[in-house]
Amino acid sequence: MTDLVIGADGLVRCAWGSSTPDYAIYHDTEWGRPVRGDDALYERMTLEAFQSGLSWLTILRKRPAFRLAFDEFRIPTVASYDDGDVARLLADAGIVRNRAKIEAAIANARAALELPDGLSALLWSFAPAPRSTRPASFAEVAAITPESTAMAKALKKRGFRFVGPTTAYALMQATGMVDDHIVGCHVPLATAA
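Residues numbered from 1 in each chain as written. Predicted model: local features only at pLDDT ≥ 70, side-chain atom pairs only at ≥ 80, totals over all residues. Heavy atoms only, no water.

Enquirer: Where do I start with the nonpolar core in this structure?
Expert: Most often, soluble globular proteins have nonpolar side chains that are buried together. In this structure, Phe66, Phe70, Leu119, Leu123, Met151, Leu155 and Phe160 are the most contacted members of the largest nonpolar core, which totals 51 residues. Apart from the residues within four sequence positions on either side, Leu119 is in contact with Asp38, Leu41, Tyr42, Met45, Leu155 and Phe160. (Core = buried A, V, L, I, M, F, W, Y, C linked by side-chain atoms within 4.5 Å. Buried < 20%, exposed > 50% of the residue type's maximum accessible area, 1.4 Å probe, protein only. Contact = heavy atoms within 4.5 Å.)

Enquirer: What am I meant to see in helix α8 (residues 146–157) here?
Expert: With 12 residues, α8 ought to run about 16 Å at 1.5 Å a step, and its terminal C-alpha atoms sit 16 Å apart, in line with that. Ser148, Met151, Ala152, Ala154 and Leu155 are the residues of α8 that are buried. Within α8, the buried residues cover an arc of 165° as seen down the axis, which keeps them to one side. In α8, the exposed residues that point more than 90 degrees away from the buried face are Pro146, Lys153 and Lys157. In this fold, the buried residues of α8 make contact with α2 (38–51), α7 (119–124) and α9 (165–174). Gly159 sits one or two residues past α8 and shows a positive phi near 95°. (Helix = DSSP H or I, 4+ residues; strand = E, 2+ residues; numbered from the N terminus. Expected span 1.5 Å × (residues − 1). Arc of directions from axis to C-beta.)

Enquirer: For this particular structure, what's the right way to read the packing of aromatic side chains?
Expert: How two aromatic rings sit relative to each other is set out by the distance from centre to centre and by the angle between their planes. The full count for this structure, using the stated rule, is 10 aromatic pairs. A ring pair is formed by Trp16 and Tyr23, whose centres lie 5.5 Å apart and whose planes are at 85°; its orientation type is edge-to-face. Relative accessible area serves as the criterion here: at 13%, Tyr23 is assigned to the buried category. Both rings, one in Phe50 and one in Phe70, keep their centres 5.9 Å apart while their planes meet at 65°; by these two values the pair is edge-to-face. With Phe50 in helix α2 and Phe70 in the loop between α3 (56–69) and α4 (75–79), this pair connects stretches of sequence that are 20 residues apart. By the burial criterion, Phe50 is buried, and Phe70 matches it. Grouped by ring-pair contacts, the aromatic residues Tyr42, Phe50, Phe66, Phe70, Phe73 and Tyr81 constitute a single cluster. The ring of Trp124 is capped by Arg36, whose NZ or CZ atom sits 3.8 Å from the centre of that ring. Sitting above the plane of the Tyr81 ring, Arg88 keeps its charged end 5.2 Å from the centroid. (Phe/Tyr/Trp six-rings, centres within 6.5 Å; stacked < 30°, edge-to-face > 60°. Lys NZ or Arg CZ within 6 Å of the ring centre and 35° of its normal.)

Enquirer: Hey, could you run me through the pattern of salt bridges in this one?
Expert: Note that side chains of opposite charge can pair when their charged atoms are close. Tallying each qualifying case throughout the model produces 11 salt bridges. Its salt-bridge partner being Asp71, residue Arg74 comes within 4.0 Å of it at the nearest N-O pair. The exposure class assigned to Arg74 is partly exposed, which follows from its relative accessible area of 38%. Each of the salt bridges in this network shares a partner with another, and the network as a whole consists of Asp9, Arg13 and Asp28. (Salt bridge = Lys/Arg side-chain N within 4 Å of Asp/Glu carboxyl O.)

Enquirer: Explain the side chain of Asp28 to me, please; I cannot follow it from the model alone.
Expert: Tracing the chain through its elements places Asp28 in helix α1 (residues 21–29). Within the local environment of Asp28, its side chain forms a polar contact with the side chain of His27, the two groups lying 2.7 Å apart. Contact partners of Asp28, with chain neighbours within four places excluded, come to Leu11, Arg13, Arg33, His186 and Val187. (Polar contact = N/O pair within 3.5 Å; in protein donor to acceptor, adjacent residues only side chain to side chain.)

Shape descriptors only; they carry no functional weight alone.
Shown next as structure tokens:
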């Protein structure tokens, strides 16, 4: 597989972004675009944690059900969940029913409420300086970076769960803290939001 492909629509994009129509939309409109806002970043963090060990496509296709099940990822609402909500989520066939991940999502909402400057400020404080050029291939893209390691450590120190360095880096990619589109991809270079 080459790192870039020409899609049926004639657009050059990162190869993974052309593998399914769902991926093409996600690649073209979301991945690598800066995301700000505590609830928006909490949603992305939660979905990245649920993705651990699964295909991102599985999570992407279940995202509408996740949003419904987790009250649109409103941090104060999820932070107030109790054992009844855990049972409700475990019974919801529309989402990934993993007790540890569900409990982590609730614990992470509670931890996010405790952040004095908010989740967005904390996460974006780990964004590296923008690269001067995009990577030439995916071989140049690391799964873990010093910044993602530091982010994971800071989150764990504050009580967050399911936020290891690899998940943290995937979050950084998904939310535009880094731009890992390959040189030649049609998606315009993102600017910080």
